[in-house]
Amino acid sequence: MNSICRAIHSKIARILPAILLLSLFFAFSDASASTMGSIFSFNAAANGGEVIETLDLNFGIGQEATGGSLSVSRDSVYTSLAVIVGVLALVVVLLVFISANLINLIRVREGEEAYSFGGTLALTGRMLKNRSVAIGGNLVLFFGVIVFLTVTARGVGLHQGYQPVQPIKFSHTVHAGTLKMDCQYCHSGASLGKNAWIPSVNVCMNCHNASGVGEGTITGTEEIAKIREAYDTGVPVEWVRIHNLPDHAYFNHQQHVVAGKVACQTCHGPVETMDEVYQFSPLSMGWCINCHRTTRVDRDLYKILGREDAATVKTVEDIGGTNCARCHY
Amino acid sequence: MEEYKRNDYWNGLEEYNNTPQYQEGKSKEFKEDLPLEDALSEESLGVKANRRDFLKIFGFGLTAAALAACETPVKKAIPFVVKPDTVTPGVANWYASTCQSCAAGCGILVKTREGRPIKVEGNPSSPFSKGGVCATGQASVLNLYDSTRMQKPSSPWADLDAAVASAVAGGGKVVVLTPRINSPVSLKIIKDFLAQAGSSAHVQYSPAGIDAIALAHQNNFGSAVTPTYKFQNADVVVSFGADFLGTWISPVEFTKGYSSKRKVNPENPKMSKHYQFESIFSLTGSNADLRIPVDAGQDGAALLSLYNLIAAKAGQSPVSGVNTPAGAAEGLKAAADSLWSAKGHSLVVSGSNNVAMQEVVNAINSLLGNYGKTIDMDTPSNQAGANYGDMVKLVSEMNAGGVATLIMVDVNPVYNYHDSATFAAGLAKVKNVVALSYRVDETAALATIKAPINHSMESWDVLEPKKGHYSIVQPTVRPLFDTRQWQESLLAWTKDASSTKMLDACKAWFTSALYNGAGSTKAFWEKAVKEGGYSGSMAPMSVMDAHEEMHEEDAAEVAEGNSAGFDIAAAAAAIGGAKDGKAIVVYQKVGVLDGHHANNPHIMELPDPMTKVCWDNFVTIPYTMAKAESIIDGDLMKVAAGGYEVTLPAVVLPAQAANTVGICVGYGRTAGGRVINNIGKNAYPFAVAAGNQRSYTVTEGVSVSKTGEKMTLAKTQYYTGYDLRDEGGVAGGVSGLKNIESRIDNFIVKDTTLDQYKEKKYAGNENRAGILHENSLTLWKTHKKKGYHWGMSVDLNSCTGCSACVVSCHTENNVPMVGKKEVATRRDMHWMRIDRYFKGNPDAMDGSLQVAHQPLMCQHCDNAPCETVCPVLATVHSDEGLNQQVYNRCVGTRYCANNCPYKVRRFNWFSYYSNDKFNSDERNAPNGHMFDSVGSLVLNPDVVIRARGVMEKCSMCVQRIQEGKLKAKVARKALEDGAIKTACQQSCPADAIVFGDLNDPESAISKHFSNERFYHALEEVKTLPTVGYMTKIRNNNTPEWHKMSEATTTNTEV
């Protein structure tokens, strides 16, 4: 019994600092994320949501702040995970203290000197001065920082969830959802070329003309009046662009919609349920490539095109969809 | 010194003479010392900072960068209010139009994106240019976006119109001075406008035109026409100084015709034979099978000698007293024999603007029976230029005070008239001077009323470049500024004009003069606009008739004094004897032409095809003169004649006629725009009027002397040398194999003669089999190309070196222009270059010196040396055989450029679009268009602008490949061969470039790849390129006298 307890004790004593360190790290990262998130969501709220520039930093919490209808995002899952890990770490610390007390009881019963808190601390201090522990701790810290920075850096320039305020409260839920209008009725460029187009006002006026729909079921007349005003005055509507690709990436809608027969929702998400549109996909290169690696191609098309291995190609990658110069030139 | 073999190619005189500088430089990647100290001096960097400032700036920069990275700029997406049906955002619209960069009037297609023109391409349905456009035409789209244009009239349009109306009503003679007008509509408008003035005249003025041909035909045949020369029917071409492939009359049309006769059919090998007798080294001369240098003072004698030789064969009496130029006798004899054996399908042309000379040319062609066969007088050309005598008369009339109102349309006589002081003096005596001008140039600055005109891409017009062939100019964009098409200004100034819109005038004229009764007039007009032109029914009065009508008086005079026919004795007397002294030839340079459109960085940075000099004009010095007076490139020379002198840097050219120097026009501007201002010297004053013609040669009183000073020239030829014959060069690197004969003899340009080719199809390419055999072993994995495998082939036989492809590539791919200083530092960004090589003795005057032009772009090697050395995988191979350059991965180590045997990779040393150096007047704003909001509209939105610190290179127009593939996918049809054309290929007037899918055995490119003439550049280093070349075949079966001189020639050492 004695020897077992000793073994347990010495093991716990050794890993104790590491556990402490880890729990501290988790606690801090959790706190920092939520603090920063709340700071930015406060900013956004204070400025009436006009500082759209900063929204990308709010780790998903701004989603609720600006009144998005989606309640659970990937970011909030991460946040709850971090909270759970923090709680578990706390439980571990408690258990360590409990077992340490039990060990002390045994020691006292066996007539040995009990460990004091100060003694443990001194031991920990000695251990921290130990060369290998110091190196190990630094390494953990170093890689932790690297992982943290990598994750953060990979997110720079990505604006998943970006949901700017638009000049007209246009609801895709009404048009694409309830009325089941085809996406390409308005975004007719998608099948013609590179750009999908935001419809010109004359397209809106096909339905919302003087004798047509003048009153909406949800937002009322005010927003439709804006279209009519634009049409009458000739001053175009200045929409805020949501999906922005960097200049060095070439994207062609026709390639995906017509040649690849990809549904709009694959990249743009459930637009028919979005009252206000947000960026559903990260639009990162990794996301593009992953899709190219998994999406099946139409073999018949490649037979027609005379591809040598048309009978065996499976994914877009097999037809060269991961070549650099497919998108970068 | 290593002894040179006679058939060795060399890329310039420095290499030929193996100068110490050349030897020193060839061991280095950058052969000249880089002016690093200059570049890194405080002055050059433009900062004066101490350590604290540096730290402050550094800290601020770091913080700013960190902050900027977090910020998402809000981008607006603003759709049309009402989208026009014809505009599809993201999809290009093409408009058929006509190029107005010179008088040739080539049919073009203008690519517009979102309503702005971004690229000019040839219109394949154009009856003459057949899909080709020259370098100047390719660059013309940038002239449209020239923000230094005159942007608004000197007073509001209404006031200006009233001022002109009162000037015209004020009495006195009204003269409209225009360039050569090819448009029947415009002629009618001018006529109607002038009809309201009591006394009036329309004078046309071409500063570098050729009007002697028409007058010679007037004298010989009774009608003043410049005929259409059909090079496509000519088996033997003899040219006396006519640069018909580069600048003469209609170079694209002539290149099409000429190159169609230079393509060798393996089944039935034959090609045309081309003799060139010229004083300077022209692009055309460099393509000749036999080029004999003849001094400018002796070209008349040479021409008359040829006449005598032909006359002797035809049984006609020769002209007496002709001293055949000594060096040219054998060549002329050979030319005469060839011509006589090709009677009826040969062609003699002369670049001279001397009527007597052109009469002799006509006589020779007439004796050879070429009229009606290779010379078409029934389809007269309006492309040659106006009568210079009219201008001379006008200037004297102005000086006599005989002109009250002068309306100048897009002309600049203060700059390019031979006696600009007299013109300016005359202008001062004209009461009302109106300038309808594209910019406030040297002449417009002196006008009291300045009205800005449109670019041709903002204008309507109907041109008649040749009788019966109408080509439509249609606008591709709304006027960018507050400008008005000059015809509309004249219409506004015409009292009873039915409409002031040029479109109405064009439509009315077109449908009334040409309508053939089929379909509605509207449909007739619209079809012509869509197709870019119309050939068929003839207007009752062609442009030619209208011009003749203008010269009725002159014609009557001529008719009285000289009935039609040939009077060779009189012509010979007019030509006079040969002149021995030094001579100047004033010529037009490829790209710059007469200088009218030269305020354009794409033109200024285009290396001259022969000298490879960018940005400057220079005086070309014959090698013999250079040797005698020890002149080297860059020596400042003082050239003087007729009381005018210029100081220009020398460029030495081999086998240029011993006593002739050449200076090109178009430079020496003071108000030509920020790109061209203060570059070079004006050569126009040398070209004085001789009688009624402008003479482009000066043969008397010429002095050429060294000043002792020097000037740096931005010359691209030596930047990228290969040195195959020495160790340390590319082939030297493949050690152990260099003893094999095939490797030693392998040169990047391979050539042969037609006779040898007839004997064996792989002549000139004999060593390829051996190289392929040696290359059959490999350690590398081969790339699999299961879809497409793109390949390109360049037929060196067809390529004339005209450089249209270079400019086409630059405009298509947003290639930055870097300016003279950077080019001189070898930092030119040309994705594509044309290397020019000489072969033979540089002082040989017997025609044995030969030239080869070789376009070089990324060779897209399968075993790419660049790919293996890139540490960050920024250059990788695609599964379609392309060598891809990924700019965002590139960290700028430049290992790839170092390892590229072809030297086709270009490194971005600066942010050319934002570094003020490239927008400074001091450097002539080489890349200024990328800085201003107007100029940047010219950029191709499908090609990214590369940032500083990355490598870039030819992508084989991957954007066009992707577009073509997508079209096929959407149509669900196999990609047709030829459906995708690269920019260089599309613009090539000689159809020398073939591009396509090597996986398709039936494609044109596959056939090229299996041709016996096909080879890859530097094949022995086994880079396995997918770009290849076809051997150059020369139709010169080494003449007897060459063999003699070969035996006697020893290699010269200087």
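No experiment lies behind these values; they were computed from the predicted model shown.

Caption draft 1: Seen up close, the nonpolar core. All names here are of chain B. One finds Trp-790 and Tyr-1029 to be the most contacted residues of the largest nonpolar core, which totals 98 residues. Take this core: its biggest share by element is four residues, from helix α30 (residues 804–812). Among the domains, domain 1 (9–21 + 720–733 + 748–776 + 787–1034) and domain 4 (579–595 + 604–715) are the pair contributing at least three residues each to this core. Discounting chain neighbours no more than four positions away, the residues touching Tyr-1029 are Val-794, Leu-796, Gln-854, Pro-855, Leu-856, Met-857, Gln-859, Arg-1013, Phe-1014, Tyr-1015 and Ala-1017. The next biggest cluster of nonpolar side chains, apart from the first, holds 58 residues, and it includes Ile-584, Ile-631, Leu-648 and Val-704.

Caption draft 2: Seen up close, the pattern of salt bridges. Under the criterion given, the structure shown has 51 salt bridges over all chains. Arg-262 of chain B is paired through a salt bridge with Asp-289 of chain B; the nearest N and O atoms lie 2.8 Å apart. Here Asp-289 of chain B lies in the loop between α11 (283–287) and β11 (290–293) and Arg-262 of chain B lies in the loop between α10 (251–260) and β10 (273–278), a separation of 27 residues in the sequence. Asp-289 of chain B matches Arg-262 of chain B in its accessibility class, with the two residues each being buried. Across the salt bridge formed by Lys-785 of chain B and Asp-862 of chain B, the nearest N and O atoms sit 2.7 Å from each other. Of the two residues, Lys-785 of chain B is situated in the loop between α29 (768–774) and β32 (790–795) and Asp-862 of chain B in the loop between β34 (850–856) and α32 (865–869); the sequence distance between them amounts to 77 residues. Connected through salt bridges with shared partners, the residues Lys-194 of chain A together with Arg-113, Glu-114 and Asp-942 of chain B form a single ionic network.

Caption draft 3: Local environment of the interface of chain B and chain A. Taken together, the 47 residues of chain B in the interface contact 53 residues of chain A. The junction of chain B with chain A conceals about 4500 Å² of combined surface from both sides, 59% of it contributed by carbon and sulfur atoms. On inspection of chain B and its partner chain A, the count reaches five salt bridges. Of the charged contacts in the structure, one is a salt bridge between Asp-298 of chain A and Arg-972 of chain B, with a shortest N-O distance of 3.1 Å. The interface formed by chain B and chain A contains 21 residue pairs in polar contact (both at pLDDT 80 or more). Looking at the side of chain B that touches chain A, the elements with two or more residues in it are α5 (51–70), β2 (76–77) and α34 (958–971) of chain B. A total of eight residues in the side of chain B that touches chain A trace back to one element, the largest contributor, which is α34 of chain B. A per-class count over the side of chain B that touches chain A returns 23 nonpolar, nine polar and 15 charged. Relative to β2 of chain B, strand β1 (residues 239–240) of chain A runs antiparallel, the two sharing two bridges. Residue Trp-239 of chain A lies in a different strand from β2 of chain B, and its bridge partner there is Ala-77 of chain B.

Caption draft 4: Representation of the packing of aromatic side chains. Residues and elements named next belong to chain B. A full pass over the atoms with the stated rule returns 34 aromatic pairs over all chains. Residues Tyr-388 and Tyr-417 carry aromatic rings whose centres are separated by 5.9 Å and whose planes lie at 25 degrees to one another, so their mutual orientation is stacked. Here Tyr-417 lies in the loop between α16 (413–416) and α17 (420–429) and Tyr-388 lies in helix α15 (residues 388–399), a separation of 29 residues in the sequence. The class of Tyr-388 is buried, set by a relative accessible area of 2%. Take Tyr-417: its relative accessible area is 3%, and that puts it in the buried class. Judged by centre distance (5.6 Å) and plane angle (65 degrees), the rings of Tyr-515 and Phe-524 are edge-to-face. Residue classification places Tyr-515 among the partly exposed residues on the basis of a relative accessible area of 29%.

Caption draft 5: Broad picture of helix α8 (residues 184–195) of chain B. Taking 1.5 Å of rise per residue, 12 residues should cover 16 Å, and α8 of chain B covers 16 Å from first to last C-alpha, within 8% of that figure. For α8 of chain B, the capping residue at the N-terminal end is Ser-183 of chain B, with a side-chain oxygen 3.2 Å from the backbone nitrogen of Val-185 of chain B.

Caption draft 6: A look at the packing of helix α12 (residues 299–314) of chain B against helix α14 (residues 355–367) of chain B. Residue and element names in this part refer to chain B. Taken N-terminus to C-terminus, the directions of α12 and α14 make an angle of 25 degrees; their axes are 10 Å apart at the nearest point. By the angle between their axes, α12 is roughly parallel relative to α14. For α12 against α14, the interelement crossing comes out left-handed. Facing Asp-299, Gly-300, Leu-303, Leu-304, Leu-306, Tyr-307, Ile-310, Ala-311 and Ala-314 of α12, the residues of α14 in contact are Met-357, Val-360, Val-361, Ala-363, Ile-364 and Leu-367.

Caption draft 7: Expanded view of the environment of Asn-233 of chain B. Residue and element names in this part refer to chain B. Positionally, Asn-233 belongs in the loop between β8 (226–229) and β9 (236–240). Assessed through its relative accessible area of 33%, Asn-233 is described here as partly exposed. The spatial distance from the C-alpha of Asn-233 to the C-alpha of Asn-370 is 9.8 Å, given a sequence separation of 137 residues. Not counting the four nearest positions on each side in its chain, Asn-233 is found in contact with Lys-261, His-345, Lys-373 and Thr-374.

Caption draft 8: Examining a positive patch on the surface more closely. There is a patch of like positive charges on the surface, built from Arg-296, Arg-299, Lys-303 and Lys-314 of chain A. By the element assignment, Arg-296 of chain A lies in the loop between α12 (285–294) and α13 (299–304).

Rules behind the numbers
- Chains are numbered independently. Their residues run from 1 in the order of the written sequence.
- Just so you know, chain letters begin at A and ligand numbers begin at 1, following the order they were written in.
- Given that the model is predicted, a residue must reach a pLDDT of at least 70 before its local features are reported, and side-chain atom pairs must reach 80 or more before they are shown or counted; all residues, however, enter totals for whole chains, interfaces and linings.
- Here the side-chain values reflect all heavy atoms present in the structure, with hydrogen atoms and water set aside.
- Side-chain atoms within 4.5 Å link the members of a nonpolar core, which is a set of buried Ala, Val, Leu, Ile, Met, Phe, Trp, Tyr and Cys residues.
- Exposure classes here rest on a 1.4 Å probe applied to the protein chains alone. A residue is buried below 20% of its type maximum, exposed above 50%, and partly exposed in between.
- Only DSSP runs of H or I covering at least 4 residues are called helices, and only runs of E covering at least 2 are called strands; the numbering of each starts at the N terminus.
- Each domain's extent is set by a domain assignment, obtained either automatically or from a database.
- The contact criterion used throughout is that any non-hydrogen atoms of two residues lie within 4.5 Å.
- Any Lys or Arg side-chain nitrogen found within 4 Å of a carboxyl oxygen on Asp or Glu counts as a salt bridge.
- What counts as buried area is the accessible surface, traced by a 1.4 Å probe, that two parts surrender upon association, with contributions from both included.
- Any N or O atom pair separated by 3.5 Å or less is treated as a polar contact, with the protein-specific requirement of one donor-capable and one acceptor-capable atom, and with residues adjacent in sequence counted only for side-chain atom pairs.
- Under this grouping Gly is polar, as are all residues other than the nonpolar Ala, Val, Leu, Ile, Met, Phe, Trp, Tyr, Cys and Pro and the charged Asp, Glu, Lys and Arg.
- When DSSP locates at least two bridges between a pair of strands, those strands are taken to pair.
- Ring pairs are drawn from Phe, Tyr and Trp, using the six-membered ring of Trp, whenever the two centres fall within 6.5 Å, and their geometry is named by plane angle: stacked under 30 degrees, edge-to-face over 60, tilted for the rest.
- A helix's residues, less one, multiplied by 1.5 Å, set its expected span.
- Geometry is summarised by axes, namely lines fitted to C-alpha atoms with helices restricted to the contacting stretch, and by angles between N-to-C directions that run from 0 to 180 degrees.
- Here roughly perpendicular refers to angles of 65 to 115 degrees, roughly parallel to angles under 35, roughly antiparallel to angles over 145, and oblique to all remaining angles.
- Take the far helix as the reference: if the near one is turned anticlockwise from it by less than a right angle, the crossing is left-handed, and if turned clockwise, right-handed.
- The residues that make up patches have over 30% relative accessible area and no salt bridge, and they are joined within 9 Å when like-charged or within 5 Å when they are Val, Leu, Ile, Met, Phe, Trp or Tyr.
- A 1.4 Å probe and the Shrake-Rupley method give the accessible areas. Residues count as covered only by the protein chains that appear here.
- A positive count includes Lys and Arg, and a negative count includes Asp and Glu. His and the chain ends are not counted in either.
- To locate a charge, take atom NZ for lysine, CZ for arginine, CG for aspartate or CD for glutamate.

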